[in-house]
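Per-entry structural report
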Amino acid sequence: MTGFARRLAGKLLAGLVMVWVVVTFTFFLVHALPGKPGDVQYEQYIMMGMNSEQASAKVQAVYGFTSHAPLLSQYTGYLGKLAHGDLGQSISYSGVPVSHLIWSALPWTVIPVLSGLLVSFLIGVVAGIFAAVKRSSRWGGLLTVSGSLVAGVPAFVLALLLLVVFHTEWNLLPDAGTSDIQYTPGWNLPYIGSVFQHAVLPVCTYALLSYGGWLLAMKSSVVSVLGDDFILASELRGITPVTRARYIGRNAILPLFTVLALSFGVMFAGSFFIEDTFDYPGLGNLLLKSIGTRDYPVMAGAFLLITVSIIIANILADLCYTLIDPRVRR
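Residues numbered from 1 in each chain as written. Predicted model: local features only at pLDDT ≥ 70, side-chain atom pairs only at ≥ 80, totals over all residues. Heavy atoms only, no water.

**Observations concerning the overall build of the protein chain**
Formally: Numbering goes from the N terminus for both helices and strands, where a helix is a DSSP run of H or I of at least four residues and a strand is a run of E of at least two. Each residue gets one of three labels from its accessible area relative to the maximum for its type: buried under 20%, exposed over 50%, partly exposed in between, using a 1.4 Å probe on protein chains only. Contact between two residues is taken to exist if any of their heavy atoms lie within 4.5 Å; hydrogens are not considered.
Within the protein chain, the regular secondary structure consists of 15 helices and zero strands. Counting across all 330 residues of the protein chain, residues that qualify as buried make up 39%. In the protein chain, the proportion of contacts linking residues at least 24 apart, taken out of those at least 6 apart, comes to 68%.

Structure representation (structure tokens):
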């Protein structure tokens, strides 16, 4: 087995252990909640006219365990259903599998998050390099101030500000939903154009939210590299400005790749306010609604998916860093 395969196997094993820890914590957290949701749901089914067997079967379908079974039996049964990809059934949407709700909401979170993150990364890196090289000029100072201001604005304030300016005041972009209702969903231009139009404000919010961080991080990294001995030595050798810029950019951007990979996972957890503001039916919106309706199976499924996405992003960041920087393989 090669060194890369061994590292990958080790990371995957550690990721599985972390997922098991989170699943176990979520299971016992649900049991520690006041009133024990499984018991409450069982009593509600009894009051609806079901007999004890029917109520237990319904609770089993919703939560993945029966409320009157021993705790260890409930736990092993829950893990067994998870191993087969069964997350239970939603309470709010009676009879609908949790996995169906999550997979339906996932694209409306993944696409805006990825788009916003990549746009902000590209703009922030370029602006950061310019701000570092021209840090003594007026433009360099303005870029640094813009990054500091945007980085300090909370997500919901930024989303509301864009909504007021581009919808309420100028009426240029829609305020909610994923498309206009007059278009038939599918691979047709009017529908795709409407989806793109509705995604502009959420994507811009994600991009502005992380733009300041990329700019300030890249500026700090470039300033640090500019003072390295190999840059001074290469200047004394008379290298061209293009080659010098390539040396600086390659070394300064390395730490940011790790942060970029981690940001993919973290942005999932930060999508609540943005999706709620624009009524975008993504994973964050689904999780907020499930909290409001105490839909515990959906909450557990959403938390599990967010955890898995962060773990996968962490593993990818670790592996990619060893590929792009040979020094860490030693």
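**Things to note about the packing of aromatic side chains**
Put simply, the rule reads: In summary, the pairing rule links any two rings of Phe, Tyr or Trp, Trp by its six-membered ring, whose centres are within 6.5 Å, and it sorts them by plane angle into stacked for under 30 degrees, edge-to-face for over 60 and tilted for everything else.
If you walk through the whole model with that rule in mind, you get five aromatic pairs. Aromatic side chains Phe28 and Tyr75 sit 5.5 Å apart centroid to centroid with 35 degrees between the ring planes, which places their arrangement in the tilted category. Remark: Tyr75 occurs in helix α4 (residues 71–83) and Phe28 occurs in helix α1 (residues 3–32); sequence separation between them is 47 residues. Relative accessible area serves as the criterion here: at 12%, Tyr75 is assigned to the buried category. Ring centres 6.0 Å apart and planes at 90 degrees place the aromatic pair Trp108 and Tyr280 in the edge-to-face group.

**Let's talk about the layout of surface pockets**
Unoccupied space between atoms shows up once a probe the size of one water molecule is rolled over them. The following threshold applies: Cavities and pockets are defined on a 1 Å grid built over the protein atoms alone: a cavity is a set of grid points where a 1.4 Å probe fits but cannot escape, while a pocket is an open set with protein on both sides within 12 Å along at least five of seven lines, and lining residues are those with an atom within 4 Å of any such point. Grid points are joined across faces, edges and corners, and a volume is the space filled by probe spheres set on the points. In this classification, Asp, Glu, Lys and Arg are treated as charged, Ala, Val, Leu, Ile, Met, Phe, Trp, Tyr, Cys and Pro as nonpolar, and every other residue, Gly included, as polar.
Its volume calculated, the largest pocket comes out at about 350 Å³. As for the largest pocket, its lining consists of 15 residues, of which Ile111, Ile192, Val195, Phe196 and Ala199 are closest to the centre. At the level of elements, α6 (107–133) and α9 (189–226) are the ones that each hand at least two residues to the lining of the largest pocket. When grouped by side-chain class, the residues that make up the lining of the largest pocket number 13 nonpolar, two polar and no charged.

**A word on the environment of Leu316**
Summarising the element assignment, Leu316 is placed in helix α15 (residues 296–324). Remark: the alpha-carbon pair of Leu316 and Leu8, spanning 308 residues in sequence, is separated by 9.3 Å.

**So, the pattern of salt bridges**
Under the convention used in this document: A pair is scored as a salt bridge if a Lys or Arg side-chain nitrogen falls within 4 Å of a carboxyl oxygen belonging to Asp or Glu.
Across all of its chains, the model carries one salt bridge by this definition. The salt bridge partner of Asp86 is Lys81, with a shortest N-O separation of 3.2 Å. You can call Lys81 buried: its relative accessible area is 18%.

**Some words on the UniProt feature "transmembrane region" (unreviewed entry) in the protein chain**
The line we're drawing: UniProt positions are given in the numbering used here, feature names are shortened, and annotations may be inferred rather than shown by experiment.
In this structure's numbering, the residues bearing the UniProt feature "transmembrane region" (unreviewed entry) are residues 12–33, 105–130, 142–166, 195–217, 253–274 and 298–324. Between the end C-alpha atoms of residues 105–130 there is a gap of 38 Å, over a span that is 96% helix and 0% strand. Here residues 195–217 is 100% helix and 0% strand, with 33 Å between the C-alpha atoms at its ends.

**Here's the deal with unusual backbone geometry**
Not every positive phi belongs to a glycine, and Asn171 is a case in point at roughly 55 degrees. Here Asn171 is to be found in the loop between α8 (155–169) and α9. Judged by relative accessible area, which is 57%, Asn171 ranks as exposed. Even without glycine at this site, Asp279 takes up a positive phi of about 50 degrees. Relative to the helices and strands, Asp279 resides in the loop between α13 (272–277) and α14 (283–292). Classification of Asp279 as partly exposed rests on a relative accessible area of 42%.

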